[in-house]
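# A look at the structure
One letter stands for each residue in the lines below.
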Amino acid sequence: MAKLKLTEQQQAAVENRGGSLLVSAAAGSGKTKVLVERLFRYVTEEHCHMDDFLMITYTKAAAAELRSKIAAELSRRLAENPGDRHLRSQLLRVYQADIKTVDAFCTALLRENTHLLAQEGERYSLTPDFRVLDENDAKLLRQRVLERVLSRFYEELDEGGALLADTLGAGRDDGALVSLVLETFEKLQSHAYPAVWLERNRGVWENLSGDFNDTPYADALLETVRRKGLHHMTALRKAALSTEGGALYKGFGERFLTAGRSFAPLAASRNWEAARDSLAHLEFPRLATPKGMKDDPEVLRLKKLWEGAKDTARKLEAILSVTGEEAMEDLRAMAPAMTALLKLTADFAAAYRTEKLRMNCADFSDQEHLALELLTDGDGAPTELGRQVSGRYREILVDEYQDTNEVQNAIFRAVSREGKNLFTVGDVKQSIYRFRLADPTIFLEKYRRFAPAEEAEEGEERKILLTRNFRSRQEILDAANFVFSNTLSVDMGEMEYGEEESLHFGAAYYPPRRDCDTEFHLIAARQRSAGEDHPVKKLTAEARFTAGRIRQMLDEGYPVTGEEGVLRPCRPEDFVILMRSPGSRAAAYAHAMAEQGVPCALEESG
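Conventions we followed
Residue positions are counted from 1 within each chain, in the order its sequence is given. Whole-chain, interface and lining totals are the exception, using all residues; otherwise, since this is a predicted model, local features are given only for residues with pLDDT of at least 70 and side-chain atom pairs are given and counted only at 80 or more. To obtain the side-chain values, all non-hydrogen atoms of the structure were included, while hydrogens and water were left out. A run of H or I in DSSP counts as a helix once it spans at least four residues, and a run of E counts as a strand once it spans at least two, with each numbered from the N terminus. Contact criterion: two residues are considered in contact whenever any of their non-hydrogen atoms come within 4.5 Å of each other. Accessible surface area values rest on a Shrake-Rupley calculation with a 1.4 Å probe, where residue burial reflects the displayed protein chains alone. Positive charges come from Lys and Arg alone, negative charges from Asp and Glu alone, with His and the N- and C-terminal ends not counted. Note on charges: their place is set at NZ of Lys, CZ of Arg, CG of Asp or CD of Glu. Working definition: a ring pair exists when centres of Phe, Tyr or Trp rings (six-membered ring for Trp) sit within 6.5 Å. Plane angles under 30 degrees give stacked, over 60 give edge-to-face, the rest tilted. For the exposure calls, accessible area comes from a 1.4 Å probe over protein chains only, and a residue counts as buried if that area is under 20% of its type's maximum, exposed if over 50%, partly exposed in between. Over a ring means this: the NZ of a Lys or the CZ of an Arg is within 6 Å of the ring centre and within 35 degrees of the ring normal. Only when DSSP finds a minimum of two bridges between them are two strands counted as paired. Take the buried residues of types Ala, Val, Leu, Ile, Met, Phe, Trp, Tyr and Cys, join any two whose side-chain atoms come within 4.5 Å, and each joined set is a nonpolar core. Nonpolar side chains (Val, Leu, Ile, Met, Phe, Trp, Tyr) within 5 Å and like charges within 9 Å form the patches, drawn only from residues with over 30% relative accessible area and no salt bridge. Just to be clear on terms, a salt bridge is a Lys or Arg side-chain nitrogen sitting within 4 Å of an Asp or Glu carboxyl oxygen. Axis lines are fitted to C-alpha atoms, over the contacting stretch for helices. Their N-to-C directions set the angle, which ranges from 0 to 180 degrees. Geometric relationships in this document are graded by angle, where less than 35 degrees denotes roughly parallel, more than 145 denotes roughly antiparallel, 65 to 115 denotes roughly perpendicular, and other angles denote oblique. Put simply, Ala, Val, Leu, Ile, Met, Phe, Trp, Tyr, Cys and Pro go in the nonpolar bin, Asp, Glu, Lys and Arg in the charged bin, and everything else, Gly too, in the polar bin.

### A look at the overall build of the protein
Per the secondary structure count, the protein includes 21 helices and 15 strands. With the C-alpha coordinates aligned to their principal axes, the bounding extent of the protein is approximately 80 × 75 × 55 Å. Sequence separation of 24 or more characterises 74% of the internal contacts of the protein that already satisfy a separation of 6 or more. Accessible area for the protein stands at about 33500 Å²; split by element, carbon and sulfur atoms hold 52% of it. Here the protein carries 82 positive and 98 negative side-chain charges, and the mean point of each set is 4 Å from the other.

Set out below in structure tokens:
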């Protein structure tokens, strides 16, 4: 790793101590450099060892790359200071250091401590040589176990079970019930303590009483109602202000302001009946389009926004169509079926666990849940093993923290002395959203709650923002900021995109250019060929346009930055075409490139 000067933000992220630290690192902001430099500050200034740290990444490739960068930096520093005995002693330790994926950490912990997993009443237990099921094997095993559990369920059918079966059944087909149990079980895996969640929610359904507003279901629905009300109140007002002083203000702007104001009570509603009353007062005056502006792009944009607000009003009307008393009656009527579903899911989870123990195997979710079971008790407090493991490490460093789930977050807390020596880095804008139950709201909650590092007291949780991008030109960042500032919101993406979240130019080593504006092209699906107007597939049209644009730039000798910042004419290898699903699209692009005489090669990410 080349020695580079740290920015003020990076320096703060490297040096800050005294409490749990969250680093929100925008794309291209040098987060890996910060993580490596932070590690070496501990090693050189506090004489820590490489294996005093637990470094978590989310892929094996990322873990290998991080270890390689640390080893390269160690070699560089040793070359500069060959007499440093402490640095030399780290040469072996860097390959013993815990730089792992979450899976690898949990698997190693389990294999060392399977003897601590046995629960009272269980006939089987894991042994250190347990097998990890792949997803296909786990799916087949779940289906087999559920068939047995359902047979017992039907044999012992009670009133709640009968209501559940009748509600979801279609003659002799119980496919809907099977799917619902499996879906419920799979979603449960995102909870740190699934059995506790099941028991708590069974208690809610078994003890339904009082007012509908006192139930968690009313809370969830009202939160949706308020969020949508606030969104449209803000969006309509903003749209109205955009028409001020123009021809659209009277026929559009004034009416948008009226509609926006009518959403305000909905956004502020604090109970079910207030929300119902607010819905009745929504106003949508008829729009008046100025003469000659029917097809104006701004008119079309405003009309789309207007129809979106009206569509939301219709959907909210469906949600709020019943009174609180009627909603409570519906909940009580369905309570036996819901209780039966939760019990059935719990029975399946227990049977599935028993079968896996019998086979001496574990699935993907087991590794995390069983590791957490070893590290914490039922209330989340650290066990004796948890205290021992947390005592091994000077600090826990977690990369790509935006893709953490609740179980992993509980594990990190358990091995970091309840979060006191936890360093996390990530960017919620790069989240893989919900893959393997990832929960970006964990990152967002800390991002909103933690104090800026320069204001935090000793021991207080703090955050640092790395917002300068060192990969891209200003024009690229301007385009990205424009798109995200106009699309990201709490409703869409779970966050606002303001000044702190924006990408800021930091790559001063790029020579200034005036011809690098981002292009946006609309491609017609009808194309002329040999004087005939005919439709073509969208994919074909996109591929032909892309190949033609590349051919044009090659022919014109469009200048790109070459070695040492010198401009040169572009070459075919300077172009990259990014596709979501290259397997189904690559052939069309390869054919279009061949038509234009542009050589190309396909690479698929693994």
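### Details of the packing of aromatic side chains
Between two aromatic rings, the relevant description is the distance of the centres plus the angle of the planes. Per the stated rule, a full pass over the model turns up 14 aromatic pairs. Geometrically, the ring pair formed by phenylalanine 256 and tryptophan 306 is tilted, given 4.9 Å between the ring centres and 35° between the ring planes. Placement of phenylalanine 256 in helix α11 (residues 249–268) and of tryptophan 306 in helix α13 (residues 297–319) is noted, with a sequence separation of 50 residues between them. For phenylalanine 256, a relative accessible area of 1% puts it in the buried group. For the pair phenylalanine 284 and tryptophan 306, a centre-to-centre distance of 5.5 Å together with 90° between the ring planes defines the contact as edge-to-face. Of this pair, phenylalanine 284 sits in the loop between α12 (272–279) and α13 while tryptophan 306 is found in helix α13, placing the two residues 22 residues apart along the sequence. One aromatic cluster in this structure is built from Phe252, Phe256, Phe263, Phe284 and Trp306. For the cation-ring pair, arginine 17 lies above tyrosine 42, with the distance from its terminal atom to the ring centre recorded as 4.0 Å. Lysine 33 extends its terminal NZ or CZ atom over the ring of phenylalanine 470, reaching a point 6.0 Å from the ring centre.

### Things to note about the side chain of threonine 312
With respect to the helices and strands, threonine 312 occurs in helix α13. Among the residues examined, threonine 312 registers a relative accessible area of 11% and is labelled buried. Not counting residues up to four positions away in its chain, the partners in contact with threonine 312 are Lys228 and His232.

### Observations concerning the sheet that holds strand β1 (residues 21–25)
If you trace the seven strands from one edge of the open sheet to the other, you get β3-β2-β6-β7-β1-β9-β8, paired in parallel fashion. In this open sheet, the two strands that pair with only one neighbour each are β3 (98–101) and β8 (451–452). Note: β1 against strand β7 (residues 422–426), four bridges, orientation parallel. Bridging across to β7, leucine 22 finds its partner in threonine 424.

### A closer look at the nonpolar core
The biggest cluster of nonpolar side chains holds 45 residues, and the ones touching the most others in it are Phe105 and Val389. Of all the secondary structure elements, the ones that give two or more residues to this core are β2 (53–57), α5 (102–113), α15 (364–375), α16 (384–390), β6 (395–398), α17 (406–414), α18 (440–449) and α19 (474–487). Excluding residues within four positions of it along the chain, phenylalanine 105 makes contact with Leu54, Ile56, Lys100, Val389, Tyr393, Ile411 and Val415. With 35 residues, the next largest nonpolar core counts Leu208, Ala218, Leu266 and Leu342 among its residues.

### Overview of a negative patch on the surface
Residues Asp211, Asp214, Asp219, Glu325, Glu326, Glu329 and Asp330 make up a contiguous surface patch of negative charge. With four residues, helix α14 (residues 324–358) is the single largest residue contributor to the negative patch. Locating aspartate 330 in the fold gives a position in helix α14.

### Some remarks on the environment of valine 389
Looking at where valine 389 falls in the secondary structure, it is placed in helix α16. Expressed as a C-alpha distance, the spacing of valine 389 and alanine 507, which sit 118 residues apart in the sequence, is 41 Å. In this structure valine 389 touches Phe105, Leu109, Leu375 and Val415, once residues within four positions along its chain are discounted.

### A short note on the pairing of strand β9 (residues 462–466)
Counting buried positions along β9 gives five out of five residues, so the element sits mostly inside the fold. The alternating pattern of β9 places Arg462, Ile464 and Leu466 and Lys463 and Leu465 on opposite faces, both of which are buried. Here β1 runs beside β9; their pairing, made up of five bridges, is parallel. By the bridge assignment, alanine 25 is partnered in β9 with leucine 466. Looking at chain direction, β8 and β9 are connected through two bridges and run parallel. Note that in β9 the partner of alanine 451 across the bridge is arginine 462.

### Some words on the environment of glutamine 596
Inspection of the secondary structure assignment puts glutamine 596 in helix α21 (residues 582–596). For glutamine 596, a relative accessible area of 32% puts it in the partly exposed group. When the C-alpha atoms of glutamine 596 and isoleucine 550 are compared, they prove to be 8.8 Å apart, with 46 residues separating the residues in sequence. Once you skip the residues sitting within four places of it in the chain, glutamine 596 turns out to touch Ala547, Gly548 and Arg551.

### Re a nonpolar patch on the surface
Where nonpolar side chains cluster on the molecular surface, the patch consists of Phe482, Val483 and Phe484 and spans about 290 Å² of accessible area. Considering the arrangement of structural elements, one finds phenylalanine 482 in helix α19.

### Regarding the pattern of salt bridges
For the structure shown, the criterion picks out 40 salt bridges. With a shortest N-O distance of 3.2 Å, glutamate 183 and lysine 187 are connected by a salt bridge. Here lysine 187 and glutamate 183 lie together in helix α8 (residues 175–188), a separation of four residues that amounts to about one turn. Exposure remark for lysine 187: the relative accessible area of 52% places this residue in the exposed category. With a closest N to O distance of 3.0 Å, arginine 568 and aspartate 574 form a salt bridge. Taking the relative accessible area as the measure of exposure, aspartate 574 reaches 31% and is therefore partly exposed. Bridged by salt links that share partners, the residues Glu15, Glu37, Arg41, Glu73, Arg76, Arg77 and Glu80 form one connected network.

### Observations regarding the packing of helix α7 (residues 159–168) against α14
In the contact formed by α7 and α14, the axes pass within 7 Å of each other and the chain directions differ by 95°. On the basis of the axis angle, α7 is roughly perpendicular to α14. Across the interface between the two elements, Gly160, Gly161, Leu163, Leu164 and Thr167 from α7 touch Ala333, Met334, Pro336, Ala337, Ala340, Leu341 and Leu344 from α14. Its residues assigned to classes, the contact of α7 with α14 comprises nine nonpolar, three polar and no charged.

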